[in-house]
Amino acid sequence: MFLAQPLKATYDVTTTVIKNFGMLLDFIRRDFRTRYVGSMLGGYWFFIHPIALILIYSVIFSSVMRVRFPQDLTEHAFGFTIFLCAGILPWTAFSEMLSRTTSIFRDQANLIKKVYFPSEILIFVATGSVAITFSISLFILFVFFLIIGHPLSSALFYLPLLILLQMLFASGLGMALAVLNVFFSDISQMLGIALQVWFWGTPIVYRLAQLPESVQFLVKLNPFFYFTSLYQDILFSRLAPSWQNLATCAGVSLAFFCLGASMLEHFKIQLLDEI
Amino acid sequence: MLTIRNLNKVFASYPRRLDRIKEWLCFGSRIFHEEIHVLKDINLEIKAGEAFGLVGMNGAGKSTLLKLITKTMLPTSGSIESNGKIAALLELGTGFHPDLTGRENILLNGRLHGLEPQEITAKIDTIKAFSELGDYFDKPLKKYSTGMYVRLGFSLAISVNPQVLIVDEALSVGDAYFQQKCLRKIRDFKEAGVTILFVSHDLACVKILCDRVGLLNKGSLVAVGEPKGVLDRYNALISGHDVRQTTKGELKVLVSGSGKAEIAAVSLLNEEGQKVQALEAGQFCQIAIDVLFNAPVSNPTVGILIRDRLGYDVFGTNSSHMQHQTGDFLPNSIGHFSFRFAMDIGPGEYTLSLAIHADASHLAENYQWADSILLFKVHPNKDYPFLGVSMLKPTFEIGPHEVKI
């Protein structure tokens, strides 16, 4: 059966990650430990970055520009800021996951060439470490919500699942891109442009309903649209996610994970030769 | 124990990057790459507790073989099996971060080098002690000297209790004291039954350390055996041209070279000019060499090399090191050369190798290289007894007496 190979690859990659989970955590720890080493504020930077981002959006969109969107966005003085943060924080994490994974084999070539270790875990080091900073920024966002009086809801409990699915999606797509990037370094350059297009093709700074109906179907082909709308449901509208969207996200993530794992396993030998 | 069976490694070389995409689009129905056979059918078994040396010219496939053994590359076909962890002292300190301290680097990289977390905490003091870094162990690596860096890397690498240990020139970085310490440790490992694979261009070191040596040439393992024989063959190989083995008496003589000049006769003479096969330590002697020139040769260099019974180099020199111009020679002429010196070396059996080549080293055009062409003995000097391999002739002085009050 033609699915046998991708399924085996997916199984292999998954078991490798589980077996080497300790090493994966070591890598993530090292990533965090070395990122701000030598700076005065050190680990505080993990909090300063998201705080700065949220403050900038809230100042610009609630005082300077006073964006007026359909009525539900303007109910609250910070309405647009909340909407923007609900979409842009996950997107920033997603694009960082992708750009980090895509170049990871080239970035870590020195390590891969010199010591033996299951190099596929590097993909999950990249997505995992971004997922942690993303979680920190979400935490800052909750604090911001409490300050401006945007109540938190029980829907937030869906966030861990959603982040996990997003990691799976980014890891899968990232694996495929990382493999290609070893052979053609143009891929990481192209990704920069593709991410710009993708950002504007996702309803993050606008809502789907604002688009002409003839274009809406295009947005619905964009897998990240479903993630964005779930984040917006949970963080902005305070609604439990729709099972349909959640299932779509899960399906997309698994499919991409299968694809990425298959490519990684298929090109394993050539990959190590080329690095 | 390390067992390598029918190992092959083929690299695909694409002339242009686009060719790889073309091949993908054809789903393998057309081929756009060249295959480069880097390793051809390697079979090798290295036993536990054996030290095996691997030599070969650059590009012979040594590094590829090492990468396959350490699994940083995967073979095209064949298998490599070992009975335990493989530690490589190739890239000491891989993964170390300059801003972290020695301790932090060990804690964060230990697992990468094959240590379990509980082992790391248990062994960190041993690692610190072996590295002899003292307070520096808790300072950032960027404050380290190269030697200190190597010491930290080495201490981590050997702490994993490997079953196979791969060693190369990485060790040459540290100071002599630490090098000796490392060599002692490697010897301890060997006695404890660890398989040692030693890769180096330092042939003297290979000779000292290894039980057997393998010669890799153009991807094939062309010789495996006693260090001396294989290393002579390697020497002949790097001097290029055909290698033939002739038997001269009981000695196996390995001769190589272009043949523009060949050694017609060689003899060891005593101070009276008589041919001898043994001398007394310190006795004056002469090595007389007759060379037949088959082609016009200008200023050939004539060299001698004395090796001991184990094949270690004892002394070697040549006419260009000694600042001598030898002149021009016509085809079919014979040149007579001689080296005169006092045989100031310790008692034992020695071999003499000769070389005639174009420049100061036999790696330039090599006319003829004859390994172990002559065997001679050095007897103890009855009037001047001493220990060891060299006869240094020190002076001895006695200072004035002092009376302790």
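Given the structure is predicted, the values throughout are model-derived calculations rather than measurements.

Novice: Is there a simple way to think about the interface of chain A and chain B in this case?
Specialist: Where interface size is quoted, it is often the accessible area lost as the parts come together. Taken together, the contact pairs 27 residues of chain A with 27 residues of chain B. Looking at the side of chain A facing chain B, the largest losses of area belong to Arg30, Tyr116 and Phe184 of chain A, adding up to 22% of the total buried there. Taken together, chain A and chain B are joined by four salt bridges. Where chain A touches chain B, the interface holds eight residue pairs in polar contact (both at pLDDT 80 or more). Counting residues per element, the side of chain A that touches chain B draws most heavily on helix α2 (residues 21–35) of chain A, at eight residues.

Novice: Looking at this structure, how should I read the pairing of strand β1 (residues 2–13) of chain B?
Specialist: Moving residue by residue along a regular strand, the side chains alternate between the two faces of the sheet. Residue and element names in this part refer to chain B. As judged from the five bridges shared by β1 and strand β4 (residues 77–82), these two strands associate in the antiparallel manner. Counterpart to Thr3 in the pairing with β4 is Glu81. The pairing of β1 with strand β2 (residues 34–46) spans nine bridges and is antiparallel. Within β2, the residue paired with Lys9 across the bridge is Leu39.

Novice: Would you mind showing me how to read the side chain of Thr228 of chain A here?
Specialist: Residue and element names in this part refer to chain A. Inspection of the secondary structure puts Thr228 in helix α12 (residues 223–237). Residue classification places Thr228 among the buried residues on the basis of a relative accessible area of 2%. Excluding anything up to four places from it in sequence, Thr228 contacts Gly87, Thr202, Pro203 and Ile204.

Novice: What is the right way to read helix α10 (residues 186–200) of chain A from this model?
Specialist: Each α-helix winds once per 3.6 residues, and so residues spaced three or four apart point in a common direction. Between the first and last C-alpha of α10 of chain A there are 22 Å, a value that for 15 residues agrees with the 21 Å anticipated at 1.5 Å per step. Among the structural elements, α5 (79–102), α9 (159–183) and α12 of chain A are those in contact with the buried residues of α10 of chain A.

Novice: I'm lost on the confidence of the model for chain B in this one. Help?
Specialist: The predicted coordinates should not be examined in detail at positions where pLDDT is low. Residue and element names in this part refer to chain B. Summing up the model confidence of chain B, the mean pLDDT is 82 and the portion of residues at 70 or higher is 92%. Throughout residues 241–251 the model reports pLDDT below 50, and contacts reaching past four residues in sequence, or to other chains, amount to 29 contacts. This prediction of the complex comes with two scores: 0.71 for pTM and 0.78 for ipTM.

Novice: Explanation requested: the pattern of salt bridges in the structure shown.
Specialist: Side chains carrying opposite charge are able to pair once their charged atoms draw close together. One pass over the full model with this rule turns up 25 salt bridges over all chains. Notably, a salt bridge pairs Arg20 of chain B with Glu274 of chain A, separated by 3.0 Å at the nearest N-O pair. With Arg20 of chain B in helix α1 (residues 17–25) and Glu274 of chain A in helix α14 (residues 268–274), this residue pair bridges two chains. You can call Arg20 of chain B buried: its relative accessible area is 6%. One salt-bridge network, in which partners are shared between bridges, spans Lys228, Asp232, Arg307, Asp313 and Asp371 of chain B.

Novice: Help me understand the sheet that holds strand β14 (residues 284–293) of chain B, please; the structure alone is not making it clear to me.
Specialist: Sheet strands pair via backbone hydrogen bonds, and the direction of the pair is either parallel or antiparallel. Residue and element names in this part refer to chain B. If you walk across this open sheet you meet the three strands as β12-β14-β19, and the pairing is antiparallel. Whereas interior strands pair on both sides, the edge strands pair on one side only; in this sheet they are β12 (261–270) and β19 (333–342). Averaged over all adjacent pairs, the angle separating strand axes in this sheet is 15°, with direction ignored. Direction of pairing for β12 relative to β14: antiparallel, over a ladder of nine bridges. Directly across from Ala265, in β14, lies its bridge partner Asp290.

Novice: Sorry if this is basic, but what is going on with the packing of α9 of chain A against helix α13 (residues 243–266) of chain A here?
Specialist: For any two helices packed against each other, the geometry comes down to the angle between their axes and how far apart the axes lie. Residues and elements named next belong to chain A. At a minimum axis distance of 7 Å, the contact between α9 and α13 shows a crossing angle of 30°. The angle between the axes of α9 and α13 places the two elements in the roughly parallel class. Read as a crossing pair, α9 and α13 show a hand that is left-handed. Class assignment for the residues of the contact of α9 with α13 results in 21 nonpolar, three polar and no charged.

Calculation rules
Residues numbered from 1 in each chain as written. Chains lettered and ligands numbered in written order. Predicted model: local features only at pLDDT ≥ 70, side-chain atom pairs only at ≥ 80, totals over all residues. Heavy atoms only, no water. Contact = heavy atoms within 4.5 Å. Buried area = accessible area lost by both parts, 1.4 Å probe. Salt bridge = Lys/Arg side-chain N within 4 Å of Asp/Glu carboxyl O. Polar contact = N/O pair within 3.5 Å; in protein donor to acceptor, adjacent residues only side chain to side chain. Helix = DSSP H or I, 4+ residues; strand = E, 2+ residues; numbered from the N terminus. Pairing = 2+ DSSP bridges. Buried < 20%, exposed > 50% of the residue type's maximum accessible area, 1.4 Å probe, protein only. Expected span 1.5 Å × (residues − 1). pLDDT = per-residue confidence, 0-100. Axes fitted to C-alpha atoms, helices over the stretch in contact; angles between N-to-C directions. Parallel < 35°, antiparallel > 145°, perpendicular 65-115°, else oblique. Left-handed = near helix turned anticlockwise from the far one by under 90°. Nonpolar A, V, L, I, M, F, W, Y, C, P; charged D, E, K, R; others polar.

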